[in-house]
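# Coordinate analysis (summary)
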Number of protein chains: 2
Amino acid sequence: MATNPEELPLVLILKPFPFIPSFQEKFSKKFKSLKGTDLSIPVNDFLKKECQSVKTLVCGAKFALTKDILDCLPSLGCIVLTCVGLDNIDLDECKKRGIVIGNADTVYSEDVADFAIGLLIDVLRRISSGHRFVRSGLWSINTEFPLASKLSGKRIGIVGLGSIGSEVAKRLVAFNCIISYTSRNKKPSVPFSYYSNVVDLASHNDVLILTCELNTQTFHIIDKDVMSTLGKKGIIINVGRGALVDEKEMVQCLVQGELGGVGLDVFENEPHVPEELIEMGNVVLTPHNAVETLESYTDLHELVISNLEAFFSNKPLLSLVKYE
Amino acid sequence: MATNPEELPLVLILKPFPFIPSFQEKFSKKFKSLKGTDLSIPVNDFLKKECQSVKTLVCGAKFALTKDILDCLPSLGCIVLTCVGLDNIDLDECKKRGIVIGNADTVYSEDVADFAIGLLIDVLRRISSGHRFVRSGLWSINTEFPLASKLSGKRIGIVGLGSIGSEVAKRLVAFNCIISYTSRNKKPSVPFSYYSNVVDLASHNDVLILTCELNTQTFHIIDKDVMSTLGKKGIIINVGRGALVDEKEMVQCLVQGELGGVGLDVFENEPHVPEELIEMGNVVLTPHNAVETLESYTDLHELVISNLEAFFSNKPLLSLVKYE
């Protein structure tokens, strides 16, 4: 590739891109980046003014790639996502324009699975709640801390047995949990019980863990009916997307004691979290950071570079998203 | 057994015994209990006055069974512990008097292992810290949350590969961690690397998990030298006993940034926790509740009853502690 910075291939970066310092240097030796972050003008104006020849875009989960945005980028041929989910992209428009898309593939799967287990243990075993108990000084005056609930042996239903869900299942088997799942189709090579819908899954489990993608079929897949079926002691862990859950109904269920507890890394209206959840002892809330480790970001950065290099060499992207 | 309550075998109960309501009823149909809890007189006076004929004692972890206490119970033949550790008992005196001891055996092993994994994920992946970040409102004003560290693939050293340690190892294998251990002796049937001392273990690992018992050999087994060897990114999880760690040195290491983080369910001077730890983001503190689930207490209660029945029927205790 060219070594004169002006001759390097141009890459537009739309926020948020989690640069780690060692990567920044490596990236800038291979590509000339055009940053659409911290703009002083509206993003559409910037795109129309500065990005008419831009062929490649690197973009994170929190930026909506609408038709309107795509209209501002007439030369765009390749989008490299730093996330797995495609819920913020107008896929039909991209397909129409022949844009190839690469996503984060399985780079985050282990981290998200680890995090889901962490949230689950935290909710069941009251770890964050115990930490607050100690911090507040209540323990040192011998106040009683409530009994928790055991993880080992629990029946766990996984919603979406893809890359993340499979990693979650593998871990929970080692905790002697009984695993079942729902997904679009029964997976022939999997040893766990399959339920064709989430209400059936809820009726056979103590816990639901949400690891599926958000799309029109899975929007509010966890509704009032599912939560009532799961019942008063039921636990929900969400490491997928906020809108998999009808959040208003979930808040109601928790307020009325109709759900045992929740561990949420994602919310319908991030970064805003329903006020009612903040003080609840049976609720653990994290700032959508299930993917955020130095290790997975390092792997992601390698993948981003490889995808861009593949595009500029007319090769298939390494983590090419297939249009349906 | 007799049905007249006055004819039931007498059992002395010294705090803290974690009664769950369903058990209380079952217990009172089989035994007449004499409670040494919430006393208005000094415990020694109560024992001398009321317990001279008492043959059996049920007792928890937090009551020290010293020679002085044993002197007040001349008829004592059996102690049933609701804990696993023997660190609060004068074993030599018990042996001399021919007292048989039953402990909680492996009743808590799964729960403590689950909890250790929960603490580890919490520290590495900043779950409690993330929860505080959300609760404080910092997320909603778009403050940056720091990158965490991945669990999968980490090198984990287990100090004491007994019942709890083995359960911890089994779980961490499913997280693709690399396990090694130290214990009194190398275990021939175990597939993990063995180190004969804890400094060597620390030098080969990212994390140490303490699951061994507290005795004269393991007191302050985690000293300054071990912590320095583990290093600035090293994590320590303690679900054993507080005094396994030189707590003052640990606080110093954390204050000076010479240790990456800790997850502690136990402390040297419970329920008092070093003030310096309270506000640290890389520290998770819980109120010695790793064993406290409804499920393990139910199992414990069954074991306590079975042990007492065995003693009164002149049979061996189910979870008999062997004197060395």
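Among the UniProt annotations of chain A, the heading Sequence similarities (unreviewed entry) holds the following wording: "Belongs to the D-isomer specific 2-hydroxyacid dehydrogenase family."

## A few points about the overall build of chain A
For chain A, the count of helices and strands is 11 helices and 12 strands. Against the globule reference of 20 Å for 324 residues, chain A gives a C-alpha radius of gyration of 22 Å, in line with a compact fold. Across its three principal axes, chain A shows a C-alpha extent of roughly 65 × 50 × 35 Å. Within chain A, the proportion of its 324 residues that are buried is 55%. Summed over all atoms, the accessible surface of chain A reaches about 13,900 Å², with 51% contributed by carbon and sulfur. Each charge class in chain A can be summarised by its mean position, and for the 33 positive and 40 negative side chains these summaries are 3 Å apart.

## Re the side chain of T286 of chain B
Residues and elements named next belong to chain B. With respect to the element layout, T286 can be found in the loop between strand 12 (283–285) and helix 11 (294–312). For T286, a relative accessible area of 0% gives the class buried. Among the polar contacts listed, one links the side chain of T286 to the side chain of D265, at a separation of 2.7 Å.

## Here's the deal with the packing of aromatic side chains
One pass over the full model with this rule turns up 17 aromatic pairs over all chains. Here the aromatic rings of F133 of chain A and F145 of chain A are separated by 4.8 Å at their centres, their planes lie at 55°, and the arrangement is tilted. Residue F133 of chain A is located in helix 6 (residues 127–135), and its partner F145 of chain A is located in the loop between helix 6 and strand 6 (155–159); the two are separated by 12 residues in the primary sequence. Residue F133 of chain A is classed as buried on the basis of its relative accessible area, which comes to 7%. Both rings, one in F31 of chain B and one in F312 of chain B, keep their centres 6.1 Å apart while their planes meet at 35°; by these two values the pair is tilted. Note that F31 of chain B is positioned in the loop between helix 1 (21–30) and strand 2 (32–35) and F312 of chain B in helix 11, a separation of 281 residues in sequence. The class for F31 of chain B is buried, based on a relative accessible area of 2%. The class of F312 of chain B is partly exposed, set by a relative accessible area of 28%. Through successive ring pairs, a cluster of aromatic residues spans F23, F27, F31, F311 and F312 of chain A.

## A word on the relation of the copies chain A and chain B
For the pair chain A and chain B, the superposition axis carries a translation of 0.0 Å, the fit reaches an RMSD of 0.0 Å, and the rotation angle comes to 180°. The superposition of one copy onto the other is thereby described by a two-fold rotation axis.

## What about the interface of chain A and chain B?
Chain A puts 59 residues into the contact, and the matching count from chain B is 59 residues. For the pair chain A and chain B, the two sides together bury roughly 5,200 Å², of which 58% comes from carbon and sulfur. Counting every contact that joins chain A to chain B gives eight salt bridges. Note that R135 of chain B and E279 of chain A form a salt bridge whose closest N and O atoms lie 3.4 Å from each other.

## Focus: helix 7 (residues 163–173) of chain A
Considered for burial, the residues of helix 7 of chain A that qualify are I164, G165, E167, V168, A169, R171 and L172 of chain A. Residues of helix 7 of chain A that are buried in the fold lie against helix 5 (109–125), strand 6, strand 7 (178–182) and strand 9 (207–210) of chain A.

## Regarding the sheet that holds strand 1 (residues 10–14) of chain A
All names here are of chain A. Within the open sheet, the five strands sit side by side as 2-1-3-4-5. Their pairing is parallel. Both edges of this open sheet fall to strand 2 (32–35) and strand 5 (100–102), since each of them pairs with a single strand only. With direction set aside, neighbouring strand axes in the sheet form an average angle of 25°. Here helix 11 (residues 294–312) sits on the sheet in contact with strand 1, strand 3 (56–59), strand 4 (78–81) and strand 5, set at roughly 165° to strand 3.

## Notes on the domain arrangement of chain A
Residues and elements named next belong to chain A. Here chain A is described as being made up of domain 1 (5–107 + 293–312) and domain 2 (109–285). Placing the centre of domain 1 and that of domain 2 at their C-alpha centroids yields a distance of 32 Å. On the side of domain 2, five residues touch domain 1, which itself brings eight residues to the contact. Between domain 1 and domain 2 lies a buried interface of about 530 Å² when both sides are counted; carbon and sulfur atoms form 42% of it. Interface area lost by domain 1 to domain 2 is led by D87, T106 and T293, which between them contribute 60%. For the interface between domain 1 and domain 2, the tally reads one salt bridge.

## Observations concerning the sheet that holds strand 7 of chain A
Residues and elements named next belong to chain A. In space, the seven strands of this open sheet follow the order 8-7-6-9-10-11-12, with parallel pairing throughout. Strands with a single pairing partner mark the edges of an open sheet, and in this sheet they are strand 8 (193–194) and strand 12 (283–285). Examined bridge by bridge, strand 11 (residues 261–264) and strand 12 share three bridges and lie parallel to one another. When the sheet's bridge partners are listed, V262 is paired in strand 12 with V283. Helix 5 rests against strand 6, strand 9, strand 10 (235–238), strand 11 and strand 12 of the sheet, and its axis sits at about 150° to strand 10. On the sheet, helix 10 (residues 247–255) packs against strand 10, strand 11 and strand 12 and is oriented at approximately 140° with respect to strand 11.

## Some details on the pattern of salt bridges
Two side chains that carry opposite charge are able to pair once their charged atoms sit near each other. Within this structure, the stated rule accounts for 34 salt bridges over all chains. For D87 of chain A, the salt bridge goes to R241 of chain A, with nearest N and O atoms at 3.3 Å. Here D87 of chain A, found in the loop between strand 4 and helix 4 (91–96), pairs with R241 of chain A, found in the loop between strand 10 and helix 10; they are 154 residues apart in sequence, far enough to count as distant. For R97 of chain B, the salt bridge identified is with D71 of chain B, shortest N-O distance 2.7 Å. Of this pair, R97 of chain B sits in the loop between helix 4 (91–96) and strand 5 (100–102) while D71 of chain B sits in helix 3 (residues 67–71); the two residues are 26 residues apart in sequence, bridging distant segments of the chain.

## Digging into unusual backbone geometry
Trans is the common state for peptide bonds, and a negative phi is the common state for residues other than glycine. Cis geometry is found at the peptide bond from E270 of chain A to P271 of chain A, where omega equals 0°. For P271 of chain A, the position within the fold is in the loop between strand 11 and strand 12. Even without glycine at this site, D105 of chain A takes up a positive phi of about 55°. Structurally, the position occupied by D105 of chain A is in the loop between strand 5 and helix 5. Judged by relative accessible area, which is 39%, D105 of chain A ranks as partly exposed. Here H220 of chain B, not a glycine, exhibits a phi torsion of approximately 55°, which is positive. Structurally, H220 of chain B is set in the loop between strand 9 (207–210) and helix 9 (224–230).

Quick notes on the rules
Residues numbered from 1 in each chain as written. Chains lettered and ligands numbered in written order. Predicted model: local features only at pLDDT ≥ 70, side-chain atom pairs only at ≥ 80, totals over all residues. Heavy atoms only, no water. UniProt positions renumbered as here; feature names shortened; annotations may be inferred. Helix = DSSP H or I, 4+ residues; strand = E, 2+ residues; numbered from the N terminus. Rg over C-alpha atoms; globule rule 2.2 N^0.38 Å. Buried < 20%, exposed > 50% of the residue type's maximum accessible area, 1.4 Å probe, protein only. Areas by Shrake-Rupley, 256 points an atom, 1.4 Å probe, with all protein chains shown as cover. Lys, Arg positive; Asp, Glu negative; His and termini not counted. Charge placed at Lys NZ, Arg CZ, Asp CG, Glu CD. Polar contact = N/O pair within 3.5 Å; in protein donor to acceptor, adjacent residues only side chain to side chain. Phe/Tyr/Trp six-rings, centres within 6.5 Å; stacked < 30°, edge-to-face > 60°. Least-squares fit on C-alpha atoms with pLDDT ≥ 70 in both. Contact = heavy atoms within 4.5 Å. Buried area = accessible area lost by both parts, 1.4 Å probe. Salt bridge = Lys/Arg side-chain N within 4 Å of Asp/Glu carboxyl O. Pairing = 2+ DSSP bridges. Axes fitted to C-alpha atoms, helices over the stretch in contact; angles between N-to-C directions. Domains from an automatic or database assignment.

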